[in-house]
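Listed below, chain by chain, are the residues.
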Amino acid sequence: MRTLNERAAEILCDLLKEPKPRLLNPRSVQAVVTGRIGKFNIVSLVWHIEIKGVRYRDPEIIIGHDTRNQLFIPYHYMNDFFGVEQCYAQPTADDMILLDEFGQYNLASLTNRLLLKSTSKQVIR
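This report concerns the structure included in the present document. (Residues numbered from 1 in each chain as written. Predicted model: local features only at pLDDT ≥ 70, side-chain atom pairs only at ≥ 80, totals over all residues. Heavy atoms only, no water.)

Looking at the side chain of Asn 112
Then, number 1: Tracing the chain through its elements places Asn 112 in helix H2 (residues 101-118).
Then, number 2: Within the structure, the side chain of Asn 112 is placed 2.9 Å from the backbone nitrogen of Asn 5, a separation counted as a polar contact. (Helix = DSSP H or I, 4+ residues; strand = E, 2+ residues; numbered from the N terminus. Polar contact = N/O pair within 3.5 Å; in protein donor to acceptor, adjacent residues only side chain to side chain.)

This is how it looks when you write it as structure tokens:
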């Protein structure tokens with residue numbers, strides 16, 4: 001199962017320490033621990049965008065934080081604007097059950113890129 005790279009994990013840890021969403025031009029990004037399943041803290045990583053006064057998750061990625069091994073495993077993707085929701089793995093009390101290896105690999109790659117771009121001055125596209 002693919003995890004976040006070291007730099008992306010550092011960025012995510014910094015976001016988890018922030019009390020408010022970080023503004024990125026017209027977007028904001030926020031990371032919040034929303035619960036716990038076994039050894040996994042469940043982290044919601046959300047980019048918000050506002051279009052004509054309506055706020056969308058663009059996207060929201062759910063990440064399992066393996067507290068024993070200090071790994072971040074992205075496994076669930078949602079995008080309100082496009083009406084997309086995909087689950088690539090499922091956390092259990094002991095482990096993460098992989099449902100779609102290719103999809104989970106791509107989601108981890110996307111999460112790495114988005115987190116790395118969130119620290120730059122660029123607009124995330």
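Let us keep going from here.
Overview of a nonpolar patch on the surface
Then, number 1: A contiguous nonpolar patch, built from Ile 51, Phe 81, Phe 82 and Val 84 and spanning about 360 Å² of accessible area, is present on the exposed surface.
Then, number 2: With respect to the helices and strands, the residue Ile 51 is situated in strand S3 (residues 40-51). (Patch = residues over 30% accessible without salt bridge, like charges linked within 9 Å, V, L, I, M, F, W, Y side chains within 5 Å. Areas by Shrake-Rupley, 256 points an atom, 1.4 Å probe, with all protein chains shown as cover. Salt bridge = Lys/Arg side-chain N within 4 Å of Asp/Glu carboxyl O.)

Focus on the environment of Phe 82
Then, number 1: Considering the arrangement of structural elements, one finds Phe 82 in the loop between strand S5 (71-79) and strand S6 (84-87).
Then, number 2: With a relative accessible area of 60%, Phe 82 lands in the exposed category.
Then, number 3: Between the C-alpha atoms of Phe 82 and Arg 57, which are 25 residues apart in sequence, the distance is 9.8 Å. (Buried < 20%, exposed > 50% of the residue type's maximum accessible area, 1.4 Å probe, protein only.)

What to know about the side chain of Asn 79
Then, number 1: Position of Asn 79 among the secondary structure elements: in strand S5.
Then, number 2: Residues within four places of Asn 79 in sequence aside, it is in contact with Arg 57, Asp 58, Pro 59 and Val 84. (Contact = heavy atoms within 4.5 Å.)

Brief notes about the nonpolar core
Then, number 1: Within the largest apolar cluster, 19 residues are counted, with the highest numbers of intra-cluster contacts made by Leu 4, Leu 12, Leu 15, Leu 45, Ile 61, Ile 63 and Leu 115.
Then, number 2: Ranked by residue count, the leading element in this core is helix H1 (residues 6-17), at five residues.
Then, number 3: Look past the residues within four positions of Leu 12 in its chain and what remains in contact with it is Leu 4, Ala 31, Val 43, Leu 45, Ile 63, Phe 72 and Leu 115.
Then, number 4: One finds Phe 40, Ile 62, Ile 73 and Met 96 within the second-largest nonpolar core, a separate group that totals eight residues. (Core = buried A, V, L, I, M, F, W, Y, C linked by side-chain atoms within 4.5 Å.)

Description of the environment of Tyr 56
Then, number 1: Here Tyr 56 lies in strand S4 (residues 54-66).
Then, number 2: Classification of Tyr 56 by relative accessible area gives partly exposed; the value is 21%.
Then, number 3: Taking the C-alpha atoms as reference points, Tyr 56 and Phe 82, separated by 26 residues in sequence, lie 9.7 Å from one another.

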